[in-house]
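Results of the structural survey
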Amino acid sequence: MIKTIYVGYQAPHPENFSYHRDTSADEWLLIHTLTPAEFFVSGKWRIYPENQIILYPPHASADYRACNGPYKNNWMTFYTDEKYIVQTAIPFNIPIQISCADSFHHLFHLLAIENYFDYEYREQSIGHLFHLLFDKLSEACHNSSSVQSRENLLALNLEIQSNPGFQWSVPYMAKRLNISPGYMQSLYRKTFGVSCMEDVFNKRIELAKDYLAHSQYTITQIAELCGYQSSEHFFRQFRRLTSTTPSHYRQKVRGEEMPGRFNDTN
């Protein structure tokens, strides 16, 4: 289902134009810039040339303003639960340079017309136009967004490796990369050959093995340092990934005599 609220086509704005949307907004916002503009991205105001597309999901703040003269754009607000939009691979909250600007300009024009007039097949027409618009947007941003996403993904992977004990989660990682959770998981597995959370677990166990071999921490303390909320959870995951217990591993790697029963609190 798609419910358009407003579609603006070639909307003109004065040179002092400035827009702010806070996180209370529950609609989607899609913008196509027709002149240069400044966007607040990653904590900084940045100048972008014309023909940028930027998609803001519900409850995402948005700040942009005119730059070096009057500002003009195409834009729309809408509600939707369509999977191809909600789970899109298109990055959120980041301007994307497009080369096929005429196609987007024409699609916004058609959407503005369909949204204004109450035709019999209005909803179906809007649905088809949205599909085409997002197909074109996915095609336009595929190369640039994939490169940027992979660069961000590599940086995230290094951060996980250096701090596996952090309380990582799929939604948190996706938010860090400004992509949907589904796309983040798909891209992570394609890049590293393992799911994102399984990679976190693997890195936690590698860190635990280092602590077991070279520290005097108790197993309970090691569990906490590696990000586990309970020793039992740590014990189960360690055994699943190594086929042994933390105490057994510590005794083996240190060449200690192994007792008949393992004490997994030491």
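The sections below set out a description of the structure shown in this document. (Residues numbered from 1 in each chain as written. Predicted model: local features only at pLDDT ≥ 70, side-chain atom pairs only at ≥ 80, totals over all residues. Heavy atoms only, no water.)

1. Points about the overall build of the chain
Scanning the chain for helices and strands turns up 9 helices and 9 strands. Taking the principal axes of the C-alpha coordinates as reference, the chain spans close to 80 × 40 × 30 Å. Within the chain, the proportion of its 266 residues that are buried is 43%. Carbon and sulfur atoms form 51% of the exposed surface of the chain, whose accessible area is close to 14,500 Å². With 24 positive and 27 negative side-chain charges, the chain shows a spacing of 9 Å between the two charge centroids. (Helix = DSSP H or I, 4+ residues; strand = E, 2+ residues; numbered from the N terminus. Buried < 20%, exposed > 50% of the residue type's maximum accessible area, 1.4 Å probe, protein only. Areas by Shrake-Rupley, 256 points an atom, 1.4 Å probe, with all protein chains shown as cover. Lys, Arg positive; Asp, Glu negative; His and termini not counted. Charge placed at Lys NZ, Arg CZ, Asp CG, Glu CD.)

2. Digging into the packing of aromatic side chains
Overall, the coordinates contain 23 aromatic pairs when judged by the stated rule. Seen in terms of ring centroids, Tyr 188 and Phe 192 are 4.7 Å apart; in terms of plane orientation they differ by 55°. Their pairing is tilted. Highlighted residues: Tyr 188 and Phe 192, both in helix α5 (residues 181-192), separated by 4 residues, approximately one helical turn. With relative accessibility at 0%, the residue Tyr 188 sits in the buried group. Arranged with centres 5.3 Å apart and planes meeting at 50°, the rings of Tyr 228 and Phe 234 form a pair that is tilted. (Phe/Tyr/Trp six-rings, centres within 6.5 Å; stacked < 30°, edge-to-face > 60°.)

3. Describing the side chain of His 32
Within the secondary structure, His 32 is located in strand β3 (residues 28-33). What makes His 32 buried here is its relative accessible area of 0%. If we skip the residues at most four places from it in the chain, His 32 touches Asn 51, Gln 52, Ile 53, Asn 73, Asn 74, Ile 98, Ala 101, Phe 104, His 105 and Phe 108. (Contact = heavy atoms within 4.5 Å.)

4. Side note on the sheet that holds strand β7 (residues 62-66)
Through backbone hydrogen bonds, the strands of a sheet pair up, either in parallel or in antiparallel fashion. As summarised here, the arrangement of the 4 strands in space is β2-β7-β4-β5, forming an open sheet in which the pairing is antiparallel. Looking along the sheet, the strands with just one partner apiece sit at the ends: β2 (18-21) and β5 (44-48). Ignoring strand direction, the axes of neighbouring strands in this sheet form an average angle of 20°. As paired elements, strand β4 (residues 37-41) and β7 share 3 bridges and run antiparallel to each other. Within β7, the residue paired with Phe 39 across the bridge is Tyr 64. (Pairing = 2+ DSSP bridges. Axes fitted to C-alpha atoms, helices over the stretch in contact; angles between N-to-C directions.)

5. Things to note about the environment of Ala 62
Relative to the helices and strands, Ala 62 resides in strand β7. With 43 residues separating them along the chain, Ala 62 and Tyr 19 place their C-alpha atoms 7.6 Å apart. Once you skip the residues sitting within four places of it in the chain, Ala 62 turns out to touch Tyr 19, His 20, Arg 21, Leu 29 and Tyr 56.

6. Describing the pattern of salt bridges
Scanning the entire structure with this criterion turns up 6 salt bridges. In this structure, the salt-bridge partner of Arg 65 is Glu 38, at a minimum N-O distance of 3.2 Å. In this pair, Arg 65 is assigned in strand β7 and Glu 38 in strand β4, connecting sequence segments 27 residues apart. According to the relative accessible area criterion, Arg 65 is partly exposed, its value standing at 28%. Here Lys 209 and Glu 206 are joined by a salt bridge, their closest N and O atoms 3.4 Å apart. Here Lys 209 pairs with Glu 206, and both are found in helix α6 (residues 196-214), just 3 residues apart, close to one helical turn. Residue classification places Glu 206 among the partly exposed positions, given a relative accessible area of 48%. (Salt bridge = Lys/Arg side-chain N within 4 Å of Asp/Glu carboxyl O.)

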